[in-house]
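Tertiary structure, described
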Amino acid sequence: MLDEATGRFIDQVRVLPPEALAAAFDRAVSLRRAGGREASKALKPSAVENSELERAVRDLLLPRADELNGFRDGLHADAKSAVVIAGRAVMKPGQLTAEQYDVLVTPFREAGVEVPTHSR
């Protein structure tokens with residue numbers, strides 16, 4: 001079962017329109033050069049935690065696949081990737097510096113998702 005913070009994150013992402021998910025993915029891609037790639041690699045959830053998160057995101061987005069891909073080709077897969085990476089950060093903030101955490105969750109903060117602050 002997902003921890004409370006990660007569950008809240010997923011629940012908020014559930015209601016984002018395709019435009020917001022596309023913007024979050026595009027922003028995540030733009031931040032990869034600003035430390036996003038390294039931050040993502042620093043995250044090491046257990047296999048069970050990672051599987052649970054990926055399943056929750058898949059269950060969240062699969063019913064919306066036609067809607068998302070209708071908005072932009074490939075958005076379903078793009079959104080899944082971005083949500084999983086940000087979800088790992090929310091799940092395991094202690095594995096990241098505050099700057100690394102921020103670079104991974106900023107795309108969703110900008111989309112209006114309330115993301116917990118890093119405990120610095």
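Okay, the pattern of salt bridges next. By the definition in use, this model includes 8 salt bridges. Put simply, Arg-8 and Glu-4 hold a salt bridge, and the shortest N to O gap is 2.7 Å. Of the two residues, Arg-8 and Glu-4 both sit in helix α1 (residues 4–14), 4 residues apart, roughly one turn of that helix. Arg-8 sits in the partly exposed class, given a relative accessible area of 42%. A salt bridge links Glu-54 to Arg-88; its shortest N-O distance comes to 3.1 Å.

Right, let's talk about the nonpolar core for a bit. Within the largest apolar cluster, 37 residues are counted, with the highest numbers of intra-cluster contacts made by Phe-9, Ile-10, Val-13, Leu-21, Val-83, Leu-104 and Phe-108. Breaking this core down by element, the ones donating at least two residues are α1, α2 (18–31), α4 (47–61), α6 (75–91) and α7 (98–110). Considering every element that reaches this core, the biggest residue donor is α6, with 10 residues. Once you skip the residues sitting within four places of it in the chain, Val-13 turns out to touch Leu-21, Leu-60, Arg-64, Val-83, Phe-108 and Val-113.

In this structure, Val-57 sits in helix α4. Since its relative accessible area comes to 0%, Val-57 is described here as buried. Between the C-alpha atoms of Val-57 and Glu-99, which are 42 residues apart in sequence, the distance is 24 Å. Apart from residues lying up to four places away in sequence, Val-57 is in contact with Ile-10, Lys-80, Val-83 and Val-84.

Inspection of the secondary structure assignment puts Glu-52 in helix α4. If we skip the residues at most four places from it in the chain, Glu-52 touches Met-1 and Leu-2.

Two numbers describe how α2 lies on α7: the axes approach to 8 Å, and their chain directions differ by 155°. The orientation of α2 with respect to α7, classified from their angle, is roughly antiparallel. You can see that α2 and α7 cross each other, and the crossing is right-handed. Taken together, the residues of α7 that come into contact with α2 (itself represented by Leu-21, Ala-24, Arg-27, Ala-28 and Leu-31) are Val-103, Thr-106, Pro-107, Phe-108 and Glu-110. Residues that form the contact of α2 with α7 fall into these classes: 7 nonpolar, 1 polar and 2 charged.

Inspection of the secondary structure assignment puts Asp-3 in the segment before α1. Its relative accessible area of 30% is what places Asp-3 among the partly exposed residues. Of the polar contacts made by the side chain of Asp-3, one reaches the backbone nitrogen of Ala-5; its length is 3.2 Å. Reaching out from Asp-3, the side chain makes a polar contact with the side chain of Thr-6 at a distance of 2.7 Å.

The rules behind the values
The residue numbers shown here count from 1 along each chain, following its written sequence. Selection of residues for local features in this predicted model requires a pLDDT of at least 70, selection of side-chain atom pairs for listing and counting requires 80 or more, and totals for whole chains, interfaces and linings are taken over all residues. Excluding hydrogens and water, the side-chain figures rest on all heavy atoms present in the structure. Here, a salt bridge means any Lys or Arg side-chain nitrogen found within 4 Å of an Asp or Glu carboxyl oxygen. A run of H or I in DSSP counts as a helix once it spans at least four residues, and a run of E counts as a strand once it spans at least two, with each numbered from the N terminus. We call a residue buried when its accessible area falls under 20% of the maximum for its residue type, exposed when it is over 50%, and partly exposed in between, using a 1.4 Å probe and counting protein chains only. Put simply, buried Ala, Val, Leu, Ile, Met, Phe, Trp, Tyr and Cys residues joined by side-chain atoms within 4.5 Å make one nonpolar core. In this description, contact between two residues means that some pair of their heavy atoms is separated by no more than 4.5 Å. To obtain an axis, a line is fitted to C-alpha atoms, over the contacting stretch when the element is a helix, and the angle between two such axes runs from 0 to 180 degrees between their N-to-C directions. When an angle is under 35 degrees it counts as roughly parallel; over 145 it counts as roughly antiparallel; between 65 and 115 it counts as roughly perpendicular; any other value is oblique. Each crossing gets its handedness from the near helix: less than a right angle anticlockwise from the far helix is left-handed, clockwise is right-handed. Amino acids are sorted into nonpolar (Ala, Val, Leu, Ile, Met, Phe, Trp, Tyr, Cys and Pro), charged (Asp, Glu, Lys and Arg) and polar (every other residue, Gly among them). For this analysis, a polar contact is any N or O atom pair within 3.5 Å, provided that within protein one partner can donate a hydrogen and the other can accept it, and provided that sequence-adjacent residues contribute only side-chain to side-chain pairs.

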